[in-house]
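If you want the building blocks of each chain, they are given just below.
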Amino acid sequence: MLENLYKQIVMDHYKNPRNKGKLEGEGSIQFPYKNPTCGDVMVLYMTVDDNQKIKDVKFEGEGCSISMASCSMMTGLVKGKTFAEAQHLIEAFTAMIKNGEIPEDEDELGDALSLSGIHKLRARHNCSLLGWNGLDKAMKQHTH
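Remember, it's a predicted structure, so these values are computed and weren't measured experimentally. For every chain, the first residue of the written sequence is number 1, and numbering continues from 1 onward in sequence order. This being a predicted model, a pLDDT of at least 70 is required before a residue's local features are given, and a value of 80 or more before pairs of side-chain atoms are given or counted; all residues contribute to the totals for chains, interfaces and linings. Side-chain metrics in this entry use all non-hydrogen atoms of the structure; hydrogen atoms and water are not considered.

J.: How should I be thinking about helix α3 (residues 83-99) in this particular structure?
T.: An α-helical segment advances 3.6 residues per turn. Residues three or four places apart therefore align on the same side. With 17 residues, α3 extends 23 Å between its outermost C-alpha atoms, agreeing within 8% with the 24 Å of an ideal straight helix rising 1.5 Å per residue. Taken together, the buried positions of α3 are F83, A86, L89, I90, A92, F93, T94, A95, M96 and I97. Buried-residue contacts for α3 involve β2 (41-48), β3 (54-62), α2 (65-78) and α4 (125-143). One or two steps after α3, the chain reaches G100, where phi turns positive at roughly 75°. Counting from the N terminus, the helices are the DSSP runs of H or I reaching at least four residues and the strands are the DSSP runs of E reaching at least two. Every helix has an expected span of 1.5 Å times one less than the residues it contains. Residue burial is assigned from relative accessible area. The probe radius is 1.4 Å, only protein chains are included, and a residue is buried under 20% of its type maximum, exposed over 50%, and partly exposed in between. In what follows, a contact means two residues having at least one pair of non-hydrogen atoms within 4.5 Å.

J.: What is the right way to look at the UniProt feature "domain: NIF system FeS cluster assembly NifU N-terminal" (unreviewed entry) in the chain in this model?
T.: On the UniProt side, "domain: NIF system FeS cluster assembly NifU N-terminal" (unreviewed entry) is annotated at positions that read residues 6-127 here. The annotated region residues 6-127 carries 36% helix and 20% strand content, and the separation between its end C-alpha atoms amounts to 16 Å. UniProt positions are given in the numbering used here, feature names are shortened, and annotations may be inferred rather than shown by experiment.

J.: How do you make sense of the pairing of β2 when you look at a structure like this?
T.: A regular strand places its side chains so that they alternate between the two faces of the sheet. In terms of burial, β2 is largely enclosed, as seven of its eight residues are buried. For two strands to pair, DSSP has to find at least two bridges joining them. Alignment of strand β1 (residues 28-34) against β2, held across seven bridges, turns out to be antiparallel. Each residue of the ladder has a partner; that of Q30, found in β2, is Y45.

J.: Is there a simple way to think about the side chain of N19 in this case?
T.: Its place among the elements puts N19 in the loop between α1 (2-15) and β1. Note on N19: relative accessible area 17%, which makes it buried. Between N or O atoms, a polar contact is any pair within 3.5 Å; within protein, one atom must be a potential hydrogen donor and the other a potential acceptor, and residues adjacent in sequence are included only when both atoms are from side chains. Side chain to side chain, N19 and T75 meet in a polar contact 3.0 Å long. Only 2.7 Å separates the side chain of N19 from the side chain of K79, close enough to count as a polar contact. Aside from chain neighbours lying at most four places away, what touches N19 is V57, K58, F59, S72, T75, G76 and K79.

J.: Explanation requested: a negative patch on the surface in the structure shown.
T.: For patch detection, residues must exceed 30% relative accessible area and be free of salt bridges, and they are connected within 9 Å for like charges or within 5 Å for nonpolar side chains (Val, Leu, Ile, Met, Phe, Trp, Tyr). Every accessible area reported is derived by Shrake-Rupley at a probe size of 1.4 Å, with residue values counting cover from the shown protein chains alone. A pair is scored as a salt bridge if a Lys or Arg side-chain nitrogen falls within 4 Å of a carboxyl oxygen belonging to Asp or Glu. Asp and Glu are treated as the negative residues and Lys and Arg as the positive ones, with His and the ends of the chain left uncounted. Lys charges are placed at NZ, Arg charges at CZ, Asp charges at CG and Glu charges at CD. A cluster of acidic residues, E104, D105, E106 and D107, forms a negative patch on the protein surface. Counting through the fold element by element, D105 comes out in the loop between α3 and α4. D105 gets classed as partly exposed once you look at its relative accessible area, which sits at 44%.

J.: Help me out: how do you make sense of the pattern of salt bridges in this one?
T.: It is possible for side chains of opposite charge to pair when their charged atoms get near one another. For the coordinates displayed, the defined rule picks out four salt bridges. For K140, the salt bridge is made with D136, and the minimal N-O distance between the two is 2.9 Å. Residue K140 and its partner D136 are both found in helix α4; the two are separated by four residues, about one turn of the helix. Its relative accessible area of 43% is what places K140 among the partly exposed residues. When its relative accessible area of 13% is taken as the criterion, D136 is described as buried.

J.: Is there a simple way to explain the sheet that holds β3 in this structure?
T.: Adjacent strands of a sheet form backbone hydrogen bonds with each other and so pair up, either parallel or antiparallel. If you walk across this open sheet you meet the three strands as β1-β2-β3, and the pairing is antiparallel. Single-partner strands in this sheet number two, and they are β1 and β3. Between one strand axis and the next, the sheet turns through 15° on average, direction left out of account. By the bridge criterion, eight bridges tie β2 to β3 in an arrangement that is antiparallel. Looking at the pairing, V41 lines up with E62 of β3. Geometry is summarised by axes, namely lines fitted to C-alpha atoms with helices restricted to the contacting stretch, and by angles between N-to-C directions that run from 0 to 180 degrees.

Put into structure tokens, the structure is as follows:
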């Protein structure tokens, strides 16, 4: 029953992605990222304030339902967060996918919790982590 609900959430994010599009103008960061194992690609767009807070975030991309749904979920979770808060979410999501660890506060990951079953599908780990890894690298590049 829960698995069906999770599939519906994933498909909803795939068919109706949140925060899809470009951000342009002063202060916007554009970061392309590709999953080398399957060819899924995305470009992450962010505007960040002086306090390293993600004011806005969008993405464009092409890939499987898991990678695109995960990008949609990730952008919704990190908008308005500081880099430190976003880094915590990246770590929580990555631990869930790679190690099967569900966060103590399940609400913390919002709809991204629906991807918890990917842990069992090692071949799909990189799909679900596409946007999250891209965000991690974009934040690290922006702080250096």
